[in-house]
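Working through the structure, step by step
These are the residues of each chain, in order.
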Amino acid sequence: MGGDAATSRADALSEAAVAGDRLALARLLTAVENRTAVAEAALRRLYPAAGRAHLVGITGPPGSGKSTLVAALIGEVRRAGRSVAVIAVDPSSPITGGALLGDRVRMQAYAGDDDVFIRSMASRGHAGGLAATSTAAAAVLDAAGFDLILIETVGTGQSEVEVAAAADTTVVLEAPETGDEVQAIKAGLLEVADLVVVNKGDRPGAQRTAAQLRAMLVASAPRVDDQGGPARPRPKRPDVLITTAATGAGVPELLAALDRHRATGRAGESSAARLVRADAQVFAIVAERLRATLERPDRQADTNAVLEDVAAHRLDPYAAADLLLGDVSNEER
């Protein structure tokens, strides 16, 4: 699609999506997921209108009940008369590249609610549990007027820390008596979690798991730089909550905790998180465009020759990267 046609299509979809047309919103998100020219033109238009929604990342090991908790949160948010969107990042099919799990079955009860929008996105091999385009999709949903946007990750374990770069508030789920609380600490839970939720709270050991997590998540003093520089940031001390998503127990308290964290963030604490998100977004685009430049038909042979030299150990990867970057820089002069 040509530039003018893409812009015209983006303008039409953006206008309709902001006006509440859910079909237009779905088509816009498909364009974002496929990284089309329409998506870029739409994001250029919509991004200035984003930044008002509360982005909540929900992560944790498989089996901790993320989808059940998200469905319970949707119900609680709707009872409060607020709108909510969900980006559910799924593993990818190795054949089609599409999401394997699709929209979560438990969430389908809200399919006819115009104030609920659920979108499954394939991770397409992207490390860290998030689809590469999930942040852009969240910006579109934000501009479309959703008050709360839940980003549910694949649940692959220790690589899930990337969700913190895409969310204002990060919720880490744990299941009782699985030993995952120790793994969570190893995975950088202190640096990632704003809230820790022990789900399946009706199981034996839930209270003990929560107590163990509270004991481990002890705030430490900021470290002073040996060279006299500024102190390093203090690790987070997340609240530990207990929920039973299947019955809704503890879910109102979780929503209240999310709202408290949102209010705190608006008082100034979320600026660093938003800067990290901007960093991730911008440099992802830089890397994508740099690769596209290096893989242009008129440059592909030269790029392949450098890669072959690395594969044959005639050139180290660092020298190869410097060579390719130098070629791009020289072309732009």
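Right above here is the structure, for reference.
Everything numeric in this text was worked out from a predicted model, so none of it was measured.

Take the side chain of glutamate 76 next. Relative to the assigned elements, glutamate 76 resides in helix 4 (residues 66-79). Of the residues examined, glutamate 76 reaches a relative accessible area of 17% and is grouped as buried. Polar side-chain contacts of glutamate 76 include one of 3.0 Å to the side chain of arginine 79. In this structure glutamate 76 touches Val251, Pro252 and Leu255, once residues within four positions along its chain are discounted.

Between its first and last C-alpha, helix 4 extends 20 Å over 14 residues, near the 20 Å set by a 1.5 Å rise per residue. Turning to helix 4, its buried residues number three or more, namely Lys66, Ser67, Thr68, Leu69, Val70, Ala71, Ala72, Leu73, Ile74, Gly75, Glu76 and Val77. Within two residues after helix 4, glycine 81 carries a phi angle of roughly 75°, on the positive side.

Any two aromatic rings considered together are summarised by their centre-to-centre distance and by the angle between their planes. Applying the stated criterion across every chain yields a total of one aromatic pair. Measuring from centroid to centroid gives 6.4 Å for phenylalanine 117 and phenylalanine 146, while their planes differ by 50°, and the two rings are tilted. Of this pair, phenylalanine 117 sits in strand 3 (residues 116-122) while phenylalanine 146 sits in the loop between helix 5 (134-143) and strand 4 (148-152), placing them 29 residues apart in sequence. Of the two residues, phenylalanine 117 and phenylalanine 146, both sit in the buried class.

If you look at the biggest cluster of nonpolar residues, it comprises 33 residues, and the most contacted ones within it are Leu25, Ile87, Leu141, Phe146 and Ile149. Setting aside residues no more than four positions away along its own chain, phenylalanine 146 makes contact with Arg22, Leu25, Ala53, Ser83, Val84, Ala85, Asp115, Val116, Phe117 and Leu141. With 26 residues, the next largest nonpolar core counts Ile58, Leu73, Val86 and Leu255 among its residues.

Procedures and definitions
- Residues numbered from 1 in each chain as written.
- Predicted model: local features only at pLDDT ≥ 70, side-chain atom pairs only at ≥ 80, totals over all residues.
- Heavy atoms only, no water.
- Helix = DSSP H or I, 4+ residues; strand = E, 2+ residues; numbered from the N terminus.
- Buried < 20%, exposed > 50% of the residue type's maximum accessible area, 1.4 Å probe, protein only.
- Polar contact = N/O pair within 3.5 Å; in protein donor to acceptor, adjacent residues only side chain to side chain.
- Contact = heavy atoms within 4.5 Å.
- Expected span 1.5 Å × (residues − 1).
- Phe/Tyr/Trp six-rings, centres within 6.5 Å; stacked < 30°, edge-to-face > 60°.
- Core = buried A, V, L, I, M, F, W, Y, C linked by side-chain atoms within 4.5 Å.

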